[in-house]
Structures are given as C-alpha cells and as structure tokens.
Amino acid sequence: MSGPDDLVSAALRARERAYAPYSRFQVGAALRTEDGAVFAGCNVENAAFPEGTCAEAGAIAAMVMGGGGRRIAEVVVAAEAKEPCTPCGGCRQKLREFGTAATTVRMVDAAGETVLLRRLGELLPDSFGPGSFMD
C-alpha cells in the first residue's frame, strides 16, 4: 500500500493538467480507496460555465471506471488560493456517495502543504447517503 505523500503527489500532478482557460483556477484531486488504489482528477472548464466538471468528480469517475473499489478512504484537494479549496457542495455529496462521515478530506496548497484537514462529516453534516433509503 502506498503512503499519504503519494496521494498529495497525485493531486498535484492532476492540478497541473487541469483545463482552466477561463478562471485560471487549477484544481487537482486524488482519492484512495479502502483497498489502497489511488485515482486522480482535475477540473475541466467549459465556455458554457455550468458545464465544467470539478476535480473531485473526475477522480470519482476514474475510480468507478478503473474498478478500484467503491469506498473512498481519503481525499486530497490541491489548489493555489488565499483560502483552503474545499470541495463544492455538489462534490461533497458525490464524495458522500462513496465515503463515510469519517472519510478524511485534506486540502493542500500548490506546494503540497496541508492547509486544512476535515472529515467528510464536518464538511457535509447530517448528510443523505446510500444508507438513507428506507427498505
């Protein structure tokens, strides 16, 4: 199993590949599944602004397509900003689909330094998830 620094490195590499010609705000994300597989994604903007995708969504899509498990254990989001770049509301819900309240979400700067560490349950309290449906 790989160590935590490989997750930061994967998020930073993904950030470098971001397609952000409009905002110039590049974001990379990497996640580790419970079985140790790492998947990454970057933000991809579109001239029709709402049609872009976030880095976290890209990493989740890579995980699903790559067959690397269905349970996220840890996430890193990398960006260069004055404030920590936390996942947007939609991505918090997407992460919740495959994570738990205890899933670690670490925000790092462009140098890979941790600027904020939260659990998914702190970012999305009282969440609605796969276990919320009645049988």
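Source: prediction; values computed, not measured.

Asks: What exactly am I supposed to notice about the packing of helix α2 (residues 55-66) against helix α3 (residues 89-98) here?
Replies: The angle between the axes and the distance between the axes are what describe a pair of packed helices. Between α2 and α3, whose axes approach to 9 Å, the crossing angle comes to 25 degrees. What the angle tells us is that α2 and α3 run roughly parallel. Classified by chirality, the crossing of α3 by α2 is left-handed. Counted together, Glu56, Ala57, Ile60, Met63 and Val64 of α2 and Cys91, Lys94, Leu95 and Phe98 of α3 form the full contact between these two elements. For the contact of α2 with α3, a count of residues per class yields seven nonpolar, no polar and two charged.

Asks: Can you walk me through the pairing of strand β5 (residues 114-119) in this structure?
Replies: Residues in a regular strand project their side chains so that they alternate between the two faces of the sheet. With five bridges joining them, strand β4 (residues 104-108) and β5 adopt antiparallel strand pairing. Looking at the pairing, valine 105 lines up with arginine 118 of β5. Following β4, the chain reverses through five residues before pairing antiparallel with β5; glycine 112 in that reversal takes a positive phi of roughly 90 degrees.

Asks: Could you clarify how one ought to interpret the pattern of salt bridges in this entry?
Replies: Evaluated as defined, the whole model comprises four salt bridges. The residue arginine 32 makes a salt bridge to aspartate 6 at a minimum N-O spacing of 3.1 Å. Of this pair, arginine 32 sits in strand β1 (residues 27-33) while aspartate 6 sits in helix α1 (residues 4-16), placing them 26 residues apart in sequence. Residue arginine 15 pairs with glutamate 80 through a salt bridge whose shortest N-O separation is 3.5 Å. Residue arginine 15 is found in helix α1, and its partner glutamate 80 is found in the loop between β3 (72-79) and α3; the two are separated by 65 residues along the sequence. Arginine 15 gets classed as buried once you look at its relative accessible area, which sits at 14%.

What counts and how
- Residues numbered from 1 in each chain as written.
- Predicted model: local features only at pLDDT ≥ 70, side-chain atom pairs only at ≥ 80, totals over all residues.
- Heavy atoms only, no water.
- Axes fitted to C-alpha atoms, helices over the stretch in contact; angles between N-to-C directions.
- Helix = DSSP H or I, 4+ residues; strand = E, 2+ residues; numbered from the N terminus.
- Parallel < 35°, antiparallel > 145°, perpendicular 65-115°, else oblique.
- Left-handed = near helix turned anticlockwise from the far one by under 90°.
- Contact = heavy atoms within 4.5 Å.
- Nonpolar A, V, L, I, M, F, W, Y, C, P; charged D, E, K, R; others polar.
- Pairing = 2+ DSSP bridges.
- Salt bridge = Lys/Arg side-chain N within 4 Å of Asp/Glu carboxyl O.
- Buried < 20%, exposed > 50% of the residue type's maximum accessible area, 1.4 Å probe, protein only.

Read these as layout, nothing more, since geometry by itself doesn't imply function.
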